[in-house]
Structure formats: structure tokens, C-alpha cells
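Coordinates in review
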Amino acid sequence: MDYIEKVLEKLKDLARKLIEALMGPEAEPEPELIPIPVHDRSRRR
């Protein structure tokens, strides 16, 4: 049984590495956008 557990653990590790190689590392949360004030020139006229 111990041998099977070791094989399964190695398969999980290989699957994780394969997924990371194909899709990139684990997704990081996207940074929150900071609003930038823009002067609307049509209002001045």
C-alpha cells in the first residue's frame, strides 16, 4: 500500500507541474484599478 501512495503522490505532483506549465502559475488576484480624474473639455464651453 505504501508503494501505491508514493506513486499517487508523484502523479499528483507531475499533474500540478503540467497544469502550471500549460496555464501558468496559480492565478493571482487582479489589482484594483485606481480611478484617474479626467477633465471633460466639452463642459467648459
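Use the structure listed above.
Described below are features of the structure shown in this document. (Residues numbered from 1 in each chain as written. Predicted model: local features only at pLDDT ≥ 70, side-chain atom pairs only at ≥ 80, totals over all residues. Heavy atoms only, no water.)

Attention shifts here to helix H1 (residues 2-23). Taking 1.5 Å per residue, 22 residues should reach 32 Å; H1 reaches 32 Å between its end C-alpha atoms and fits that length. H1 sits mainly on the outside: zero of its 22 residues count as buried. Looking one or two residues past H1, Gly24 carries a phi angle of roughly 90°, positive in sign. (Helix = DSSP H or I, 4+ residues; strand = E, 2+ residues; numbered from the N terminus. Expected span 1.5 Å × (residues − 1). Buried < 20%, exposed > 50% of the residue type's maximum accessible area, 1.4 Å probe, protein only.)

Moving on, we come to the pattern of salt bridges. Applying the stated criterion across every chain yields a total of four salt bridges. Close ionic contact of Lys6 with Asp2 constitutes a salt bridge, the shortest N to O distance being 4.0 Å. Of this pair, Lys6 and Asp2 both sit in helix H1, separated by four residues, roughly a single helical turn. The salt bridge involving Arg16 is made with Glu20; its shortest N-O contact spans 3.6 Å. Residue Arg16 and its partner Glu20 are located together in helix H1, separated by four residues, close to a single helical turn. On the basis of relative accessible area, Arg16 is assigned to the partly exposed category, the value being 42%. (Salt bridge = Lys/Arg side-chain N within 4 Å of Asp/Glu carboxyl O.)

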